[in-house]
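# Summary of the model geometry
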2 protein chains.
Amino acid sequence: MSKINRVLIVGGTHGNELIGVYIIQKFERYPELVHRSSFETVTLLGNPRAVAANTRYIDRDLNRCFAFSADDPRAQTEYELQRANEIQQEFGQGEHRPVDLIIDLHGTTSNVGAMLILDNLESFTLQLASHLSATQPNLKIYSSANSGRNQDSLRSITPYRMGIEVGPVAHGTLHADLFQSTEQLVQNILNYVDHYNNQGLPPIQPSTLSAYQYVGSIDYPRDEQNNLLAMIHPRLQFNDFAALIPGDSIFLSFDGQTIFYQGDAVVYPVFINEAAYYEKGVAMVLTQQKVYDLE
Amino acid sequence: MSKINRVLIVGGTHGNELIGVYIIQKFERYPELVHRSSFETVTLLGNPRAVAANTRYIDRDLNRCFAFSADDPRAQTEYELQRANEIQQEFGQGEHRPVDLIIDLHGTTSNVGAMLILDNLESFTLQLASHLSATQPNLKIYSSANSGRNQDSLRSITPYRMGIEVGPVAHGTLHADLFQSTEQLVQNILNYVDHYNNQGLPPIQPSTLSAYQYVGSIDYPRDEQNNLLAMIHPRLQFNDFAALIPGDSIFLSFDGQTIFYQGDAVVYPVFINEAAYYEKGVAMVLTQQKVYDLE
């Protein structure tokens, strides 16, 4: 691949994920922090109206708005569809200020620690992730590349992209340790890109990447009116990335009955009890561990 | 005092505090769980529109709406003021179905564990709290009696009342352990009231109560536009009820500077980093330990 010329760092794609919002404000106050000689860095508050309202979104999750047709009548009335169009026109490929790499900052109520989300498995992204993983052993790598999800996220407008997800942090709050983890990870990514632009691959560049690969999701037990019937089981709460074995406790009903995992394979759940996923029908995302060969 | 004739259990006073919401739904499905022979138990979803929208409130915090005049023009337009009026007319003193005791269920993003909130220090309430404290050693007792707050909360409509506050739990999520703690605490209160009605004070009735008494609150450092300049310091995060000593770390600025506690006395902070208090200008509530003599 050729050089990375422009990097976009986005916070507040979800308006109540405050760590990203305040990191963007910090970078806008001190642009030298994200300045690198070999590329331009741009910052963006993704959903300013949702930030002002301290809510995830106004009309629709902005991070699901980038595959709508401009002809869709909802594009005239819904704020996030208009905002998605603005962002596409500003930073999309073939537009006047295209970016090559997007780093999108998120927070979650689940216990993912510091996690890098890969949307695809092209080789620059895998190299970057494997370098970060080798230099930050606590960093988790999650690939949603095979999730079948539409290319409708904010970062889908550019070829190179990744999400940073930190947790547990309640939406509408800050968390100093996770703020610093996020900021450090952004710095490490910018440093990697700068080194790559100037000198190619860095000295520490493993030839494999160990990651958690999306294999599905599980919803909460619900009744016919879609009301919840159970909660995440106490043994699973905050236990993201731990092996979930067929027969393990997974939910606890409001009546106190344990519900067991019925799958036929060991999986590694992430996004366990993420607040924003209740409405999406996702109690947790299931992954399997996979080692990707980079050569 | 005379017998308690009617107890009201309220959940969803704040619509995104889901533990209370689902406990009320459970009690409404299985009313025998809260039935006692010596009094009537009534349940209420405090703010059903906010519950449906999965938000704290629609127009205004319902738990600050019970001191408005019916003549206030806002009472015609704001949902929570109308709802407060309905609740007052249904359950208030001198109305057709007055309740003697309100138990109001809440959740917080701060690490209070299971906490009983006392609004006043009249003797039945102190006796009940000291009994619960003796039989549940992990239970924390917090008194806001001297906070100077207006009598504007939902439970201010009745003479005997208490809040149950559990955390940390992100708003918009459930947490099975804290669900069970809340439910157990409700059961213990109902059992106490039933015993009191039938036989007077129970066998375990200490003559003192150790509690955390409100002494003030501290806001986040902010700029002139009211924007945050700092976060709760990592050493203080989730450290509710631990001694905060003058000179201890209290905030961490976005620039990485530690800000120290400037008070001149040891205090015990609670509600540290509660999401809903950012907009109220409260980073934490300060308390001091106090032993109340019940005799």
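Residues numbered from 1 in each chain as written. Chains lettered and ligands numbered in written order. Predicted model: local features only at pLDDT ≥ 70, side-chain atom pairs only at ≥ 80, totals over all residues.

## A closer look at the overall build of chain A
- On a plain count of helices and strands, chain A comes out with 5 helices and 12 strands.
- For 295 residues, the compact-globule estimate of 2.2 N^0.38 gives 19 Å, and chain A sits close to it at 19 Å.
- Taken over the C-alpha atoms alone, chain A extends approximately 60 × 50 × 35 Å along its principal axes.
- Burial status across chain A gives 47% buried among its 295 residues.
- Within chain A, contacts between residues at least 6 apart in sequence are counted, and of these 71% link residues at least 24 apart. (Helix = DSSP H or I, 4+ residues; strand = E, 2+ residues; numbered from the N terminus. Rg over C-alpha atoms; globule rule 2.2 N^0.38 Å. Buried ≥ 20, exposed ≤ 12 C-beta atoms within 10 Å, placed from the backbone. Contact = placed C-beta atoms within 7 Å.)

## Re the interface of chain A and chain B
- Contacts between chain A and chain B engage 23 residues on the former and 23 residues on the latter.
- Here the side of chain A that touches chain B gets 3 residues from one element, more than from any other, and that element is helix 5 (residues 176-199) of chain A.
- A per-class count over the side of chain A that touches chain B returns 13 nonpolar, 8 polar and 2 charged. (Nonpolar A, V, L, I, M, F, W, Y, C, P; charged D, E, K, R; others polar.)

## Focus: the packing of helix 4 (residues 123-135) of chain B against helix 5 (residues 176-199) of chain B
Residues and elements named next belong to chain B.
- With their axes 11 Å apart at the nearest point, helix 4 and helix 5 run at an angle of 125° to one another. Regarding the angle of helix 4 to helix 5, the classification is oblique. The handedness of the crossing between helix 4 and helix 5 is right-handed. The segment helix 4 lies against helix 5, with Leu128, His131, Leu132 and Thr135 engaging Asn188, Ile189 and Tyr192.
- Residues of the contact of helix 4 with helix 5, tallied by class, amount to 4 nonpolar, 3 polar and no charged. (Axes fitted to C-alpha atoms, helices over the stretch in contact; angles between N-to-C directions. Parallel < 35°, antiparallel > 145°, perpendicular 65-115°, else oblique. Left-handed = near helix turned anticlockwise from the far one by under 90°.)

## What to know about the relation of the copies chain A and chain B
- Rotating chain A by 180° about the axis while translating it 0.0 Å along that axis superimposes it on chain B, leaving an RMSD of 0.0 Å. As the rotation angle and translation indicate, the two copies are arranged about a two-fold axis. If distances are taken from each C-alpha of chain A to the rotation axis, the shortest is found for Ala170(A), at 2.4 Å.
- A share of 100% of interface residues in chain A that are also interface residues in chain B marks the association as one of identical surfaces. (Least-squares fit on C-alpha atoms with pLDDT ≥ 70 in both.)

## Description of the nonpolar core
- Ranked by size, the top nonpolar core spans 179 residues in total, and within it Val7(A), Ile19(A), Ile103(A), Val7(B) and Ile19(B) carry the most contacts.
- Apart from the residues lying within four places of it in its own chain, the contact partners of Ile103(A) are Val7(A), Ile9(A), Met162(A), Ile164(A), Val186(A) and Ile189(A). (Core = buried A, V, L, I, M, F, W, Y, C linked by C-beta atoms within 7 Å.)

## Description of the environment of His106(B)
- Looking at the secondary structure, you find His106(B) in strand 3 (residues 101-107).
- In the structure, His106(B) is positioned 76 residues away from Thr182(B) in sequence and 9.0 Å away in space, judged by C-alpha atoms.

## Digging into the domain arrangement of chain A
Residues and elements named next belong to chain A.
- Taken domain by domain, chain A consists of domain 1 (6-206) and domain 2 (214-289).
- Between the C-alpha centres of domain 1 and domain 2 there is a distance of 27 Å.
- Across the boundary between the two partners, domain 1 contributes 14 residues, which contact 12 residues of domain 2.
- Taken together, the residues of the side of domain 1 that touches domain 2 break down into 3 nonpolar, 9 polar and 2 charged. (Domains from an automatic or database assignment.)

## A few points about the environment of Asp177(B)
Residues and elements named next belong to chain B.
- Here Asp177 is to be found in helix 5.
- Owing to 16 C-beta atoms within 10 Å, Asp177 belongs among the partly exposed residues under this scheme.
- Spatially, the C-alpha atoms of Asp177 and Gln76 are 40 Å apart, while their sequence positions differ by 101 residues.

## A short note on the environment of His14(B)
All names here are of chain B.
- Along the chain, His14 falls in the loop between strand 1 (6-11) and helix 1 (18-29).
- Judged by C-beta crowding, with 26 C-beta atoms within 10 Å, His14 ranks as buried.
- As for His14 and Thr55, which are separated by 41 residues in sequence, their C-alpha atoms are 7.4 Å apart.
- In contact with His14, not counting residues within four places along its chain, are Asn47, Arg56, Tyr57, Asn63 and His106.

## Notes on the sheet that holds strand 10 (residues 258-260) of chain B
Residue and element names in this part refer to chain B.
- What the 3 strands build is an open sheet, ordered 8-9-10; its pairing is antiparallel. Looking at which strands have only one partner, the edges of the open sheet turn out to be strand 8 (230-232) and strand 10. Each strand axis lies, on average, 35° off the axis of its neighbour in the sheet, ignoring direction.
- When strand 8 meets strand 9 (residues 249-253), the two strands line up antiparallel, connected through 3 bridges. Bridging from a neighbouring strand, Met231 pairs with Leu252 of strand 9. (Pairing = 2+ DSSP bridges.)

## Details of the pairing of strand 6 (residues 160-167) of chain B
Residues and elements named next belong to chain B.
- Burial of strand 6 is extensive: 8 of the 8 residues sit out of reach of the surface.
- Neither face of strand 6 is left uncovered, since the one carrying Tyr160, Met162, Ile164 and Val166 and the one carrying Arg161, Gly163, Glu165 and Gly167 both have all their residues buried.
- Note that strand 3 and strand 6 share 7 bridges and pair parallel. Looking across to strand 6, one finds that Ile102 is bridged to Arg161.
- Examined bridge by bridge, strand 4 (residues 113-118) and strand 6 share 6 bridges and lie antiparallel to one another. Residue Ile117 lies in a different strand from strand 6, and its bridge partner there is Gly163.

## Looking at unusual backbone geometry
Residue and element names in this part refer to chain A.
- At the junction of Gly167 and Pro168, the peptide bond is cis and its omega measures out at 5° in the coordinates.
- Among the structural elements, Pro168 can be located in the loop between strand 6 (160-167) and helix 5.
- Phi is positive for Asn226, close to 75°, though the residue is something other than glycine.
- Relative to the helices and strands, Asn226 resides in the loop between strand 7 (208-218) and strand 8 (230-232).
- Judged by C-beta crowding, with 10 C-beta atoms within 10 Å, Asn226 ranks as exposed.
- Of note in the backbone geometry, Phe271 takes a positive phi value of approximately 55° without being a glycine.

## Re the sheet that holds strand 11 (residues 268-270) of chain B
Residue and element names in this part refer to chain B.
- The sheet built from 9 strands is open, its strands ordered 2-1-3-6-4-5-7-12-11 with mixed pairing. Looking at which strands have only one partner, the edges of the open sheet turn out to be strand 2 (40-45) and strand 11. Here the strands of the sheet are splayed against their neighbours by 30° on average, with no regard to which way each runs.
- Where strand 4 and strand 5 (residues 140-143) come together, 4 bridges link them in parallel fashion. For Leu116, the partnering residue across the bridge sits in strand 5 and is Ile141.

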